[in-house]
Amino acid sequence: VQRIPAGEFVLQDYVMRPMLFKGHKFDLRLWTVLLSVDPLRLHLLGTGIPKVSQWNYSKAVEDVKEPCIHVLMPGTNECFQNKRANVLTPYPTRTNTQEWFDKVIPSGKDFWTQRAWPSVEWRVVELLVLARDAILHVDHQLKRNGLRYKRVFFLSPDILIDQHGQATMVEVNVNGYMIGNLHKSFFPLHEEQRAVFRLMGGNGFPKQHKYAAALEQQTAAFCKRRKAKCTPAAEREIWEMVHEDMHCAMAWYRIFPTGEDRPHTARLKGSPSYQRSFTFLDGVMFDWLQHGWAPLHQLDQNRSVVVAQTPPSADLPPPKARAKPRQQKPASAAKIPEAHLNTMHRMPAGLAPAGGDASADDELAVLRARIAELERKGQGEAGRGR
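Residues numbered from 1 in each chain as written. Predicted model: local features only at pLDDT ≥ 70, side-chain atom pairs only at ≥ 80, totals over all residues. Heavy atoms only, no water.

## Some thoughts on the overall build of the protein chain
For clarity, the cut-off: The secondary structure listing takes helices from DSSP runs of H or I that are at least 4 residues long and strands from runs of E that are at least 2 residues long, numbered from the N terminus. Any residue under 20% of the maximum accessible area for its type is buried, any over 50% is exposed, and the rest in between are partly exposed; the area is computed with a 1.4 Å probe on protein chains only. Residues are treated as being in contact if the distance between any of their heavy atoms lies within 4.5 Å. All accessible areas in this document rest on Shrake-Rupley with a 1.4 Å probe, and a residue is counted as covered only by the protein chains that are shown.
Helix and strand counts for the protein chain stand at 13 helices and eleven strands. Across the 386 residues in the protein chain, those meeting the buried criterion constitute 44%. A fraction of 73% describes how many contacts in the protein chain between residues 6 or more apart in sequence connect residues 24 or more apart. Surface accessibility of the protein chain: about 21700 Å² in total, with carbon and sulfur atoms responsible for 54%.

Given below as structure tokens:
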């Protein structure tokens, strides 16, 4: 028996009967972006990024340790140049095309879209639901401290699928490896990468003016009817989720939360152990989805959302005019120690705050109080110096 070095290891069953593409083993790199911890809000790129071996798959004993078959995908130069290589030309770059549906084994669009891909969604959502419990208190502490800037987390899981369409999580890459078109012969992802920043609100959600009044009207009506009333934070989270949905592009879409028509959500909500992981804000998001309203929109050929002008409903009370906060002269930054400046965060223009129980006015009050406290400390230290 070969000696195993000391240390901690994660052991996984080897999938002996993997799904194949034209007789080649593959796994999928996924792109996912976590846009909120509480409530949990997760988006997935609607195509896997195939990493396909350049050798035909073999389970023969003499090939058990052959990395070009089992591990190195697409492969190193040695894998491509070896006489056993059966280089795929053209290389498959997406998993949502008819060519992919036809060439995978088992084949067919229905098998992929109704069995394999839902299993992929389940693995990703289950992972985040289980992992969130360990960091939820950190998210709550940040919000209690008035730091309601938007935090995002880019994940790149690797998934293997067997011949029954069951997905297995191989690993989760957390280093944000967003490669654009760096290796475009295999992974042309420049536009999908640009779409991530629009999805997270990097440009301030520019389409929101087309539906903002109707959204405020609908959230007011929803919160009025809901038995457990909405908090200001819950209302903001609804707005944020709608903004994200209306700025999805290049096949990005929300996989959590969803309605129970999606198998992974029905499975989560039907299990008492998973239900215990849901928070108050998760519940608000589920209820909002049952409310069933969304701005008028459609998908274009790239599966990007095209938003239409959405007027308020004549059947509901008009949205209340929101008073603009008074403009006040900012405190002089010269009196604030440099070490404290990095703890003060401002929302980008047009981007709604995410999470927290304090209103925007409360956040300004917290910030002003912090500035005043720092100034008092500075004066006290100056007095002692004399």
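## Re the environment of Asp63
Within the fold, Asp63 resides in the loop between strand S5 (49–52) and helix H1 (67–70). Exposure remark for Asp63: the relative accessible area of 6% places this residue in the buried category.

## Quick look at helix H4 (residues 109–132)
Applied cut-off: Multiplying 1.5 Å by the residue count of a helix minus one yields the expected span of that helix. Consider a residue and the seven residues that end there alongside the seven that start there; fitting an axis to each set, the bend is the angle between those axes.
Between its first and last C-alpha atoms H4 spans 33 Å; for 24 residues at 1.5 Å apiece the expected length is 34 Å, and the two agree. A bend of about 30 degrees at Trp117 is the largest found in H4, and the proline Pro118 appears one to four places after it.

## Examining the layout of surface pockets
The criterion, for reference: Of the grid points, spaced at 1 Å and generated over the protein atoms alone, those admitting a 1.4 Å probe that cannot get out make up cavities, while open sets with protein on both sides within 12 Å along at least five of seven lines make up pockets; any residue with an atom within 4 Å of a point is treated as lining. Grid points are joined across faces, edges and corners, and a volume is the space filled by probe spheres set on the points.
Roughly 900 Å³ of internal volume is contained in the second largest pocket. As for the second largest pocket, its lining consists of 33 residues, of which Tyr253, Arg254, Arg262, Leu299 and Arg303 are closest to the centre. Going through the elements one at a time, H4, helix H8 (232–246), strand S9 (252–256), helix H11 (280–291) and strand S10 (297–299) are the ones with two or more residues in the lining of the second largest pocket. A per-element tally of the lining of the second largest pocket places H4 first, with seven residues.

## Digging into the packing of aromatic side chains
Each aromatic ring pair is summarised here by two numbers: the centre-to-centre distance and the angle between the ring planes. Just so we agree on the cut-off: Any two of the Phe, Tyr and Trp rings considered here, Trp counted by its six-membered ring, make a pair once their centres fall within 6.5 Å; the pair's planes then place it as stacked at under 30 degrees, edge-to-face at over 60, or tilted in between. The criterion is that NZ of a Lys, or CZ of an Arg, lies within 6 Å of the ring centre and within 35 degrees of the ring normal, and then a charge sits over that ring.
Under the counting rule described, the total for this entry stands at 15 aromatic pairs. Consider the rings of Phe26 and Trp100, whose centres lie 5.0 Å apart with planes at 75 degrees: the pair is edge-to-face. Of this pair, Phe26 sits in strand S2 (residues 24–29) while Trp100 sits in helix H3 (residues 98–103), and the two are 74 residues apart along the sequence. Take Phe26 and Trp100: they sit in the same class, and that class is buried. Members of the aromatic cluster, joined through ring pairs, are Phe21, Phe26, Trp100, Trp112 and Trp117. Here the guanidinium or amino end of Arg267 rests over the ring plane of Trp122, the centre of that ring lying 3.9 Å away. We note Lys269 situated over the ring of Phe286; from NZ or CZ to the ring centre the distance is 4.3 Å.

## Quick look at the side chain of Thr258
The test is simple: Within 3.5 Å is the distance limit for a polar contact, defined as a pair of N or O atoms, with the added protein rule that one can donate a hydrogen and the other accept it, and that residues adjacent in sequence qualify only through two side-chain atoms.
One can find Thr258 in the loop between S9 and helix H9 (263–269). Separated by 2.4 Å, the side chains of Thr258 and Thr265 make a polar contact. Those residues in contact with Thr258 that sit more than four places away from it in its chain are His264, Thr265, Phe286 and Leu289.

## Topic: the environment of Asp162
Here Asp162 shows up in the loop between strand S7 (153–161) and strand S8 (167–173). Along the chain, Asp162 and Ala116 lie 46 residues apart, while their C-alpha atoms are 8.7 Å from each other. When neighbours within four sequence positions are excluded, Asp162 is seen to be in contact with Val15, Arg17, Pro18 and Met19. At 2.8 Å, the side chain of Asp162 forms a polar contact with the backbone nitrogen of His164.

## What to know about the packing of H8 against H11
The condition is simple: Axes here mean lines fitted to C-alpha atoms, for a helix over just the part in contact, with angles spanning 0 to 180 degrees between N-to-C directions. Roughly parallel covers angles under 35 degrees, roughly antiparallel covers those over 145, roughly perpendicular covers 65 to 115, and oblique covers all other angles. Handedness of a helix crossing follows the sense of rotation of the near helix relative to the far helix, less than a right angle counterclockwise being left-handed and clockwise being right-handed. Classes in brief: Ala, Val, Leu, Ile, Met, Phe, Trp, Tyr, Cys and Pro nonpolar; Asp, Glu, Lys and Arg charged; the others, Gly included, polar.
Where H8 meets H11, the axes come as close as 10 Å, and the angle between the chain directions of the two elements is 55 degrees. Relative to H11, the element H8 is oriented oblique. Taken as a pair, H8 and H11 cross one another with a handedness that is right-handed. Note on element contacts: H11 touches H8 through Leu281, Val284, Met285, Trp288 and Leu289, opposite Ala234, Glu237, Ile238, Met241 and Val242. Tallied by class, residues from the contact of H8 with H11 come to nine nonpolar, no polar and one charged.

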